[in-house]
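One letter stands for each residue in the lines below.
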Amino acid sequence: MPRVGFIGLGNMGSGMAANLVKAGHEVRAFDLSEDALVRAEQNGCTRAASAVEAVEDAEAVVTMLPAGKHVREVYETSILGTAPSSAILMDCSTIDVATAREVIGKAEAADYRMADAPVSGGIAAAEAGTLTFMVGGNDKAFAAARPFLEQMGKTVIHAGGPGAGQAAKICNNMLLGASMAETCETFVLAQKLGLDPQTFFDIAAKASGQCWSMTTYCPLPGVGPVTPADRDYEGGFAAALMLKDLKLAMEAAESVNAYTPMGAEAETLYARFAERGGAGKDFSAIIKMIDDSWTAR
Ligand code: NAD
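To keep things clear, this report deals only with the structure shown in the data block.

What counts and how
Residues numbered from 1 in each chain as written. Predicted model: local features only at pLDDT ≥ 70, side-chain atom pairs only at ≥ 80, totals over all residues. Heavy atoms only, no water. Helix = DSSP H or I, 4+ residues; strand = E, 2+ residues; numbered from the N terminus. Rg over C-alpha atoms; globule rule 2.2 N^0.38 Å. Buried < 20%, exposed > 50% of the residue type's maximum accessible area, 1.4 Å probe, protein only. Contact = heavy atoms within 4.5 Å. Lys, Arg positive; Asp, Glu negative; His and termini not counted. Charge placed at Lys NZ, Arg CZ, Asp CG, Glu CD. Salt bridge = Lys/Arg side-chain N within 4 Å of Asp/Glu carboxyl O. Disulfide = S-S within 2.5 Å. Near = heavy atom within 4 Å. Polar contact = N/O pair within 3.5 Å; in protein donor to acceptor, adjacent residues only side chain to side chain. Areas by Shrake-Rupley, 256 points an atom, 1.4 Å probe, with all protein chains shown as cover. Expected span 1.5 Å × (residues − 1). Bend = angle between axes of the 7 residues up to and from the residue. Axes fitted to C-alpha atoms, helices over the stretch in contact; angles between N-to-C directions. Parallel < 35°, antiparallel > 145°, perpendicular 65-115°, else oblique. Left-handed = near helix turned anticlockwise from the far one by under 90°. Nonpolar A, V, L, I, M, F, W, Y, C, P; charged D, E, K, R; others polar. Patch = residues over 30% accessible without salt bridge, like charges linked within 9 Å, V, L, I, M, F, W, Y side chains within 5 Å.

Quick look at the overall build of the chain
In terms of regular secondary structure, the chain is built from 13 helices and nine strands. Expected size for 297 residues packed as a compact globule is a radius of gyration near 19 Å; at 20 Å, the chain falls within 12% of this value. Taken along the three principal axes of its C-alpha coordinates, the chain extends 65 × 45 × 35 Å. The buried share of the chain, reckoned over its 297 residues, is 49%. Excluding contacts between residues fewer than 6 apart, the proportion of contacts in the chain whose partners are at least 24 apart in sequence is 64%. If you average the places of the 24 positive and of the 36 negative side-chain charges in the chain, the two averages end up 2 Å apart.

What follows is the structure, given as structure tokens:
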């Protein structure tokens, strides 16, 4: 089985690397955090002393880092020119489209195949190997990346050329952020108009207002399927990460002169929610702030 260099073994990377080990790869892991490295070793990875050591002789490289600046730095200082040029490079972090295109451009100039392959699905999906990968890159990069991504996820979709994976990810999450905020204000209004929330759920789930944020991820406890709302909004997808993705979407919109008023409003709401202490809660917890601000008017 091909040897994999894996850099960034935090909340998401840890489970993803463990699944590559389970699939039979030797995974050489590097992270700046000692705790992350200890956990990676417990999951069967081999500890590398540096990012350079993780990728030299690797046949595939996976990075799962916080943001664009980390990705640029790790590729420029430790991967490009160090990993064999035959290695397939996959960045699974969620980063801005411009940096993704820039780094892939540098990789291709150095004769590498590289894909941006951000994920949908949280920590539980990373551990269970059920992530969805949205992949940007040329056909050769996609073909080379696909077998590795399939070992870490259940769905792998080729979104288009370099950066297309990141574009798909932030467009999806802008839609999700705006639709969740809208679902929350709708339930607040419905209750203030005297509607029973479960009855309204049953109606809207069969009517034209239905959407994933309501039917699959209802922000009210006890309504619809079991969701983070039923666990006091713990676990799930943190509001801080939703805010990060909305900021990336707004940056991208500005770069191409796209008018995205609903996405901008969602960004404002999530920024306010994070300021008020909601950053670590599931993103559907924003219903509490919407309910309060409505009451305060
Ligand atoms: P995390 O902060 O838990 O993990 C990132 C890891 O990268 C950390 O362990 C950190 O020490 C390491 N790191 C940072 N700079 C490094 C460097 N120069 N060299 C080596 N290691 C370095 O973050 P996460 O939750 O695992 O998220 C990773 C990426 O996945 C982010 O881009 C995030 O937006 C995206 N994402 C997260 C989720 C989620 O639910 N957590 C879901 C989808 C996408």
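Side note on unusual backbone geometry
Of note, Y233 is a non-glycine position whose phi angle comes to about 65°, a positive value. Mapped onto the elements of the fold, Y233 is located in the loop between α10 (212-215) and α11 (239-255). Here the phi dihedral of N257 falls at roughly 55°; this positive angle occurs in a residue that is not glycine. The class for N257 is exposed, based on a relative accessible area of 74%.

So, the pattern of salt bridges
Opposite charge on two side chains permits pairing when their charged atoms draw close. As enumerated under the stated definition, the model contains eleven salt bridges in all. Among the ionic pairs, E102 bridges to R72, the shortest N-O distance being 2.9 Å. Placement of the pair is E102 in helix α5 (residues 97-109) and R72 in helix α4 (residues 68-79), with a sequence separation of 30 residues. Across the pair K106 and E102 runs a salt bridge whose closest N-O atoms are separated by 3.2 Å. Linking K106 with E102, this pair stays in helix α5, spanning four residues, or about one helical turn. A single salt-bridge network, built from bridges that share partners, covers R72, E76, E102 and K106.

Examining the state of the cysteines
A full pass over the atoms with the stated rule returns zero disulfides. C211 forms no disulfide, and the closest cysteine sulfur to it belongs to C218, at a distance of 9.5 Å. On the basis of relative accessible area, C211 is assigned to the partly exposed category, the value being 22%. Between C218, a cysteine without a disulfide, and C184, which holds the nearest cysteine sulfur, the sulfur-to-sulfur distance is 8.5 Å. By relative accessible area, which is 0% here, C218 ends up buried.

Remarks on the site of the ligand
The environment of the ligand is formed by 22 residues, the closest being N11, M12, D31, L65 and K244. Note that an oxygen atom of the ligand is positioned 2.9 Å from one of the backbone N or O atoms of L65. Take K244: an N or O atom from its side chain is 2.8 Å from an oxygen atom of the ligand. Expressed as a share of its isolated accessible area of 830 Å², the protein-covered part of the ligand is 85%.

So, helix α7 (residues 139-152)
In this model, α7 (14 residues) spans 20 Å end to end at C-alpha, consistent with the 20 Å of a helix rising 1.5 Å per residue. The largest bend in α7 comes to about 40°, at R146, with the proline P147 one to four residues further on. Taken as a whole, α7 has its buried residues at A141, F142, A144, A145, F148, L149 and M152. At the N-terminal end of α7, a side-chain oxygen is found 3.2 Å from the backbone nitrogen of K140, two or three residues along, and the residue is N138.

Considering the environment of D291
Here D291 is to be found in helix α13 (residues 286-296). When the C-alpha positions of D291 and K192 are compared, they lie 9.9 Å apart, and in sequence the two are 99 residues distant.

So, the packing of helix α8 (residues 164-192) against helix α12 (residues 261-278)
For the pair α8 and α12, interaxial distance at closest approach is 9 Å and the crossing angle is 70°. Taken together, the axes of α8 and α12 are roughly perpendicular relative to one another. Note on packing geometry: the crossing formed by α8 with α12 is left-handed. In this structure, α8 uses M174, G177, A178, M180 and A181 to contact α12, whose residues at the interface are M262, G263, A266, L269 and Y270. Of the residues assigned to the contact of α8 with α12, the class counts are eight nonpolar, two polar and no charged.

Some remarks on the environment of A145
Looking at where A145 falls in the secondary structure, it is placed in helix α7. Here the alpha-carbon distance between A145 and T216, two residues 71 residues apart in the chain, equals 30 Å. For A145, the contacting residues outside a window of four places in its chain are I88, M90 and A115.

Side note on a negative patch on the surface
On the surface, E53, E56, D57 and E59 cluster together to form a negatively charged patch. One can find E59 in the loop between α3 (51-55) and β4 (60-63).

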